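Inside the fold
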Amino acid sequence: MGDDHVDDQNGIDVSVQPSGTGCVECEATSGWWLHLRRCAQCGHIGCCDTSPSQHATAHAQSSGHPIIGSFEPGEDWFWNYADSSFFDGPEMLPPTSHPITQTVPGPAERVPIDWRNHLN
């Protein structure tokens, strides 16, 4: 381990907080998402691969951070981009999901009426 909190073998830092309650890039561009994912190494919140912009995967590719977890209420899985596998991981620093009151897709005021036609 190079840092007291980061496991270099799997790229998970349990001490880092999520970057917010929505996709960082979608928030910056007034975009919208279907589901949210949390980078297990730096806490970046990005949108899933079904979302129009796929920011979680773009973050993993540009940062080299190999592990994401779901940032959806009631979900606690992790995904490893390096070997394309799901796994159970450690408990992350809260919050572990977006607020339950946040719409899916969201945010509601930015989701087009024909949103299903925009999914990947």
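That block above? That's the structure.
Residues numbered from 1 in each chain as written. Predicted model: local features only at pLDDT ≥ 70, side-chain atom pairs only at ≥ 80, totals over all residues. Heavy atoms only, no water.

Here's the deal with the pairing of strand β3 (residues 36-39)
Of the two faces of β3, the one lined by L36 and R38 and the one lined by R37 and C39 are each fully buried. Across 3 bridges, the pairing between β3 and strand β4 (residues 45-47) is antiparallel. Residue pairing in the sheet places R37 in a bridge with G46 of β4. Taking the residues that link successive antiparallel strands as the turn, the β3-β4 hairpin has 5 residues, and the phi of G43 there is positive, at about 90°. Sheet analysis places β3 next to strand β5 (residues 67-70), joined by 3 bridges and oriented antiparallel. In the sheet register, R38 faces β5, and the bridge partner there is G69. (Buried < 20%, exposed > 50% of the residue type's maximum accessible area, 1.4 Å probe, protein only. Helix = DSSP H or I, 4+ residues; strand = E, 2+ residues; numbered from the N terminus. Pairing = 2+ DSSP bridges.)

A closer look at the layout of surface pockets
As a volume, the largest pocket reaches approximately 210 Å³. Looking at the largest pocket, it is lined by 15 residues, and the ones nearest its centre are D76, F78, P90, M92 and T96. Within the residue set of the lining of the largest pocket, elements represented by two or more residues are β5 and β6 (77-80). For the lining of the largest pocket, the residue count by class is 6 nonpolar, 4 polar and 5 charged. (1 Å grid on protein atoms, 1.4 Å probe; cavity = no way out; pocket = protein on both sides within 12 Å on 5 of 7 lines; lining within 4 Å. Points joined across faces, edges and corners; volume = space filled by probe spheres on them. Nonpolar A, V, L, I, M, F, W, Y, C, P; charged D, E, K, R; others polar.)

Some points on the pattern of salt bridges
Taken as a whole, this structure holds 1 salt bridge when the rule is applied. Here E27 makes a salt bridge to R110, at a shortest N to O gap of 2.9 Å. One end of the pair, E27, is in helix α1 (residues 24-29); the other, R110, is in the segment after β7 (85-88), with 83 residues separating them in the sequence. Overall, the relative accessible area of 38% leaves E27 in the partly exposed class. (Salt bridge = Lys/Arg side-chain N within 4 Å of Asp/Glu carboxyl O.)

Any link to function would need more than the numbers given here.
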